[in-house]
Amino acid sequence: ELGEYPHYMLKEIFEQPETVRNAMRGRLDRDEATAVFGGLNLTPQQLRNMDRFMLTACGTSWHSSLVGEYMIEGLARIPVEVQYASELRYRNPPLSPSTLLFAITQSGETIDTLAALREMKRKGHPTMSICNVVGSTIARESDGGIYLHAGPEIGVASTKAYTSQCVVMALLALYFGRLHHLSYEAGLRIVEDLEALPDQIETALTSNRVAKEIAAKYVDCDNFLYLGRQYNFPTALEGALKLKEISYIHAEGYPAAEMKHGPIALVDENTPSVFIVPRGGVYDKVLANVEEIKARGGPVIAVVDDGDDRVAELADDVIVMPTVADFLQPIVAAIPLQLLAYHIAVLRGCDVDKPRNLAKSVTVE
Ligand code: M6R
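Definitions and limits used
- Residues numbered from 1 in each chain as written.
- Predicted model: local features only at pLDDT ≥ 70, side-chain atom pairs only at ≥ 80, totals over all residues.
- Heavy atoms only, no water.
- 1 Å grid on protein atoms, 1.4 Å probe; cavity = no way out; pocket = protein on both sides within 12 Å on 5 of 7 lines; lining within 4 Å.
- Points joined across faces, edges and corners; volume = space filled by probe spheres on them.
- Nonpolar A, V, L, I, M, F, W, Y, C, P; charged D, E, K, R; others polar.
- Helix = DSSP H or I, 4+ residues; strand = E, 2+ residues; numbered from the N terminus.
- Buried < 20%, exposed > 50% of the residue type's maximum accessible area, 1.4 Å probe, protein only.
- Arc of directions from axis to C-beta.
- Contact = heavy atoms within 4.5 Å.

Draft legend 1. Expanded view of empty space enclosed by the protein. This structure, assessed with the given rule, holds two cavities of 30 Å³ or more. Approximately 80 Å³ is the volume attributed to the largest cavity. Forming the boundary of the largest cavity are 15 residues, of which Arg 229, Asn 232, Pro 278, Val 282 and Gln 329 lie nearest the centre. Each residue belonging to the lining of the largest cavity can be placed in one class, and the counts come to seven nonpolar, five polar and three charged. In this model, the second largest cavity occupies a volume close to 30 Å³. Every residue along the wall of the second largest cavity is listed here: Thr 235, Glu 238, Gly 239, Lys 242, Ala 334, Leu 337 and Gln 338. Looking at the lining of the second largest cavity, the elements with two or more residues in it are α11 (233-247) and α14 (329-347). Looking at the lining of the second largest cavity element by element, the count peaks at four residues for α11. When the residues that make up the lining of the second largest cavity are grouped by side-chain class, the tally is two nonpolar, three polar and two charged.

So this is what it looks like as structure tokens:
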């Protein structure tokens with residue numbers, strides 16, 4: 001089943017052009033410039049009346065929910081809140097009845113997410129699930145849902161499920177945007193951006209060789225920082241989680257500009273900062289943050305758009321990714337970060353598919 005790949009994680013990373021295509025299959029409608037879903041089980045009228053979304057999840061699925069928050073607020077203008085499932089259940093937030101809950105989970109069996117879903121249902125909120133495993137508990141217990149169709153994810157570190165979750169978030173942003181204010185032209189642009197995505201992921205995978213070289217250079221570092229802003233703040237969190245769970249290296253993700261409020265004290269010549277800095281709305285701002293790290297003697301590994309030379313001048317090492325619309329950057333930028341974590345973990349002799357202390361689905365609270 002592994003074929004040419006030494007580990008499931010690497011195999012699943014390389015499946016992503018296909019899994020992302022599967023997440024979109026039959027769900028893009030060019031004529032209407034929108035997304036279509038088969039299983040939401042609410043009418044467009046009911047969905048339009050939902051004026052607030054609560055997204056709940058754990059781990060990597062929580063990161064894709066954060067990406068969803070930026071996408072849905074940015075493109076559909078609906079207020080979104082993201083809560084760790086383990087916190088939502090006990091927080092008891094005051095919410096209007098028109099709050100729609102989304103539970104995001106690869107396995108559909110995570111007990112914290114299930115408990116949060118049940119609590120929100122008990123309070124009378126309509127609930128949706130975004131799951132990979134068909135027929136899983138959370139898929140069955142929610143009122144409606146969207147499957148990822150990513151195929152079984154065996155590696156404990158989530159990779160292809162993450163990018164598919166982000167794609168579903170983009171589809172939701174498109175759908176709800178078109179229910180509300182988004183024009184036909186704006187919707188069509190998003191459809192076209194999404195259609196181009198599988199090929200761009202294919203291109204991003206060509207960074208494998210460079211990621212391996214960079215991994216060899218930094219393999220002995222004990223601390224890493226991951227920094228990005230806006231759409232790529234969650235990318236930073238996800239990059240850090242991938243590294244820590246499979247290589248056991250301490251890594252922290254931060255919004256790049258938060259560094260100067262404390263964590264920059266950690267920077268020294270043995271603490272690399274991985275910056276996600278593709279061109280786009282916050283490019284110049286992140287570039288300034290790169291300079292702040294370099295001024296303190298910290299090595300910088302930068303994920304940049306192909307052809308970018310401004311960051312290359314500052315950074316110690318560069319990984320290129322294809323240029324995509326801002327809202328799709330977290331999907332494409334995840335690829336080099338998955339590869340970097342993978343190669344570092346392999347070089348350190350770790351069992352990447354079955355990291356210590358972790359299980360694929362967490363069924364205790
Ligand atoms: O199956 P789920 O998406 O509900 O799992 C949630 C987390 O346990 C999971 O994402 C975990 O953080 C992964 N090991 C991350 O790679």
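Having seen the model, we can carry on.
Draft legend 2. Broad picture of helix α10 (residues 208-218). Of all the residues in α10, the buried ones are Ala 211, Ile 214, Ala 215 and Tyr 218. Across the axial projection of α10, the buried residues extend over an arc of 105°, all falling on one side. Buried-residue contacts for α10 involve β8 (223-228), β11 (300-305), β12 (317-321) and α14.

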